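Structural overview
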Amino acid sequence: MTLRIHPGEQELSSFYKKIEAATLGVSLPADFGAPMPPPPTSAVSKEHLEALRLWIRAGAPETGIVQGTEQLLGCDLPDDFDANKLPPLAPPPAGEGLQFYSSGWHVPAGSEHEVCYATYYDFTAEAGQIPTWAEAPCRPEAGGPEETCFSINQNLLHQDPQSHHSIIYSVRAVVEPDDASWGQWTCLGGDLAGAPCDPRMQGVSASQGGADCGPRSACTSPPRDSIACWDYLPSVAMSPEVLTPLGGAQEPVSGGPLHEGVYDTLPLRGYIFWNSHGFNLTRKDTTIELYLNLRFARPESRKFMFQGFGASRFMFAMDVPPFESREYCASFTLPRYSKVTDISSHMHQRGVQWRTWEPPQDPECSPDNGCLPNDDPPDYTSTIYSDPFKKEYETPLALDEEDDASRTFKYCAVFDNGLRNPATVKRCEDGRPCNLVGGYTTDDEMLFFIGHYYLDEP
């Protein structure tokens with residue numbers, strides 16, 4: 001549903017879209033009415049439109065400061081502003097869906113961390129939590145068709161703007177919550193922060209040893225530094241037989257209804273693994289909270305299993321000397337009969353331009369063989385590393401041909417190590433300028449092509 005202001009997402013905010021239509025001359029849906037402001041009043045400037053977009057992306061706060069608007073609005077801002085946060089997301093109505101909540105993990109002022117932790121759920125303990133019509137055979141990672149899961153066809157994520165990215169996994173319960181490898185489960189945030197809790201005792205207060213940690217809190221395993229949760233709990237996280245990517249985003253608001261006929265499944269009992277990469281550029285401590293709303297899928301809407309891809313082979317290919325800029329290109333081939341629903345990109349702070357060309361492309365393109373960008377205009381371009389563009393296909397892009405080239409994307413990214421602005425050059429630990437290479441922090445770089453698809457084989 002489109003609101004006048006949807007905190008975190010300007011594309012779902014009718015107020016923004018109407019002003020954008022007047023400023024940029026883009027068309028509006030018929031039910032949106034007329035652009036704003038109406039003639040003869042002049043449209044707002046592009047700078048003011050961008051300030052409005054940044055305010056919405058920052059959660060549309062009623063008070064406070066949104067970083068980056070000072071240049072656009074021509075004003076001075078103090079440097080002791082609070083980190084922006086999204087308001088809590090209302091859960092779906094009972095019987096139509098459910099909400100998973102991460103609680104808020106602590107991000108100190110001026111810091112950057114990537115953490116992983118888990119929350120536990122069990123929908124087998126109480127009848128009626130999952131409608132029988134939403135039950136479906138599991139995908140292989142969740143136990144296979146011999147096991148019963150619940151099905152979804154809507155997936156909406158809200159996360160605070162300080163998150164550079166998040167990855168959310170559904171993990172089958174092959175390790176019980178009382179296994180020693182988890183460590184001590186405690187309340188993360190809220191009035192009972194730090195109190196021990198037992199995630200199996202739903203509906204019982206943590207003050208009495210249960211799982212209920214009160215408002216704006218959850219019973220979680222210990223948050224630990226971890227890249228994409230790969231090494232958080234090796235007995236679970238490194239096993240592809242039990243782990244399913246459920247969601248994630250590089251923006252405050254992401255997701256919504258899946259394409260017609262597309263669905264996903266989750267175990268009736270298991271864990272949600274929360275991986276969050278956050279950076280706090282303010283001088284005040286903050287937290288990052290994630291809300292994940294899922295809507296149940298009815299049997300008649302379940303035809304194709306939701307799939308995601310990430311082209312990681314050349315993710316760390318870059319090696320840019322100080323005060324130079326270099327572009328790297330690679331290709332990625334999807335299986336035959338893929339129907340691509342969206343594509344996006346992932347870079348860090350010195351990634352200044354990303355371009356993608358749709359199939360057909362050369363499957364052998366790679367940084368190793370000096371592959372160059374195409375001369376023709378790209379099908380996708382993004383220039384803001386912290387808020388990359390996501391291209392969604394209203395009609396999925398069909399890759400039905402047998403030859404690899406017809407199912408191959410090419411993607412290229414430019415990484416600037418202080419050429420345009422010497423002050424941005426990467427510094428080594430001793431303060432000297434050093435080469436920009438691949439890595440997991442925003443001071444290093446990534447070349448990561450991502451998206452979603454489903455298979456529709458004849």
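Presented here is a report on the structure given in the accompanying data block. (Residues numbered from 1 in each chain as written. Predicted model: local features only at pLDDT ≥ 70, side-chain atom pairs only at ≥ 80, totals over all residues. Heavy atoms only, no water.)

All right, on to the overall build of the chain then. When its secondary structure is counted, the chain shows 4 helices and 26 strands. For the chain, the C-alpha radius of gyration of 23 Å lies close to 23 Å, the compact-globule estimate for 458 residues. Taking as baseline every contact in the chain between residues at least 6 positions apart, the subset at least 24 positions apart corresponds to 77%. Summing over all exposed atoms, the chain offers an accessible surface of approximately 21,400 Å²; the carbon and sulfur share of this is 51%. Taken together, the 33 basic and 64 acidic charged side chains of the chain have centroids lying 2 Å from each other. (Helix = DSSP H or I, 4+ residues; strand = E, 2+ residues; numbered from the N terminus. Rg over C-alpha atoms; globule rule 2.2 N^0.38 Å. Contact = heavy atoms within 4.5 Å. Areas by Shrake-Rupley, 256 points an atom, 1.4 Å probe, with all protein chains shown as cover. Lys, Arg positive; Asp, Glu negative; His and termini not counted. Charge placed at Lys NZ, Arg CZ, Asp CG, Glu CD.)

We now examine the side chain of Thr 356. Considering the arrangement of structural elements, one finds Thr 356 in strand β21 (residues 351-357). For Thr 356, the residues in contact, after removing those within four places along its chain, are Ile 343, Pro 378, Asp 379, Tyr 380, Phe 409, Lys 410, Tyr 411 and Phe 449.

On to the pairing of strand β12 (residues 262-267), then. Where burial is concerned, most of β12 is hidden: 6 out of the 6 residues are buried. Here β12 shows a buried face lined by Val 262, Asp 264 and Leu 266 and a second buried face lined by Tyr 263, Thr 265 and Pro 267. By the bridge criterion, 2 bridges tie β12 to strand β16 (residues 304-305) in an arrangement that is parallel. Considered in β16, the bridge of Tyr 263 is made with Met 305. (Buried < 20%, exposed > 50% of the residue type's maximum accessible area, 1.4 Å probe, protein only. Pairing = 2+ DSSP bridges.)

Bringing the nonpolar core into the picture now. Counting 49 residues, the largest nonpolar core has Phe 100, Phe 150, Trp 182 and Phe 273 as its most contacted members. A total of 6 residues in this core trace back to one element, the largest contributor, which is strand β3 (residues 112-122). Here Trp 182 is in contact with Ala 118, Val 175, Glu 176, Pro 177, Ser 221, Pro 222, Arg 224, Tyr 232, Leu 233, Tyr 271 and Phe 273, once residues within four sequence places are set aside. By size, the runner-up hydrophobic cluster in this structure holds 24 residues, among which are Tyr 380, Tyr 393, Leu 397 and Leu 436. (Core = buried A, V, L, I, M, F, W, Y, C linked by side-chain atoms within 4.5 Å.)

Per the stated rule, a full pass over the model turns up 25 aromatic pairs. Centroid distance Phe 123 to Phe 150: 5.7 Å. Interplanar angle 80°. Geometry classified as edge-to-face. In this pair, Phe 123 sits in the loop between β3 and β4 (135-137) while Phe 150 sits in strand β5 (residues 148-159), placing the two residues 27 residues apart along the sequence. With respect to burial, Phe 123 and Phe 150 carry one shared label: buried. With 6.4 Å between their ring centres and 75° between their planes, Phe 332 and Phe 449 make a pair best called edge-to-face. Taken together, the positions of Phe 332 in strand β19 (residues 324-333) and Phe 449 in strand β26 (residues 448-455) put the pair 117 residues apart, joining distant regions of the chain. By the ring-pair criterion, three or more aromatic residues cluster together here, those being Phe 309, Phe 332, Trp 354, Phe 409, Tyr 411, Phe 449 and Tyr 453. (Phe/Tyr/Trp six-rings, centres within 6.5 Å; stacked < 30°, edge-to-face > 60°.)

Taken in spatial order, the 4 strands line up as β17-β26-β20-β23 in an open sheet, and their pairing is antiparallel. Among the strands making up the open sheet, the edge pair consists of β17 (307-311) and β23 (391-399). Ignoring which end each strand starts from, the neighbouring axes of this sheet average 30° apart. Pairing of strand β20 (residues 338-346) with β23, which is carried by 5 bridges, proceeds in the antiparallel orientation. Each bridged residue has a counterpart across the sheet, and for Asp 342 the counterpart in β23 is Glu 392. (Axes fitted to C-alpha atoms, helices over the stretch in contact; angles between N-to-C directions.)

With 12 residues, helix α2 (residues 46-57) extends 16 Å from end C-alpha to end C-alpha; this agrees with the ideal 16 Å at 1.5 Å per step. When α2 is considered as a whole, its buried residues turn out to be Leu 49, Ala 51, Leu 52, Arg 53, Ile 56 and Arg 57. In the segment just after α2, Gly 59 is the residue with positive phi, at about 100°. (Expected span 1.5 Å × (residues − 1).)

Let us now look at helix α1 (residues 14-24). Taking burial as the measure, the 11 residues of α1 include 8 buried ones, the bulk of the element. Turning to α1, its buried residues are Ser 14, Tyr 16, Lys 17, Lys 18, Ile 19, Glu 20, Ala 21 and Thr 23. The inward-facing, buried residues of α1 abut α2. Gly 25 sits one or two residues past α1 and shows a positive phi near 75°.

All right, on to the pattern of salt bridges then. Enumeration over the complete set of coordinates arrives at 23 salt bridges. In this structure, the salt-bridge partner of Asp 82 is Lys 284, at a minimum N-O distance of 2.9 Å. One end of the pair, Asp 82, is in the loop between α3 (69-73) and β1 (97-101); the other, Lys 284, is in the loop between β13 (269-279) and β14 (286-288), with 202 residues separating them in the sequence. Here Lys 391 makes a salt bridge to Glu 358, at a shortest N to O gap of 3.0 Å. Remark: Glu 358 occurs in the loop between β21 and β22 (380-382) and Lys 391 occurs in strand β23; sequence separation between them is 33 residues. Salt bridges here are not isolated pairs; linked through shared partners, they connect Lys 85, Asp 160, Arg 216 and Glu 289. (Salt bridge = Lys/Arg side-chain N within 4 Å of Asp/Glu carboxyl O.)

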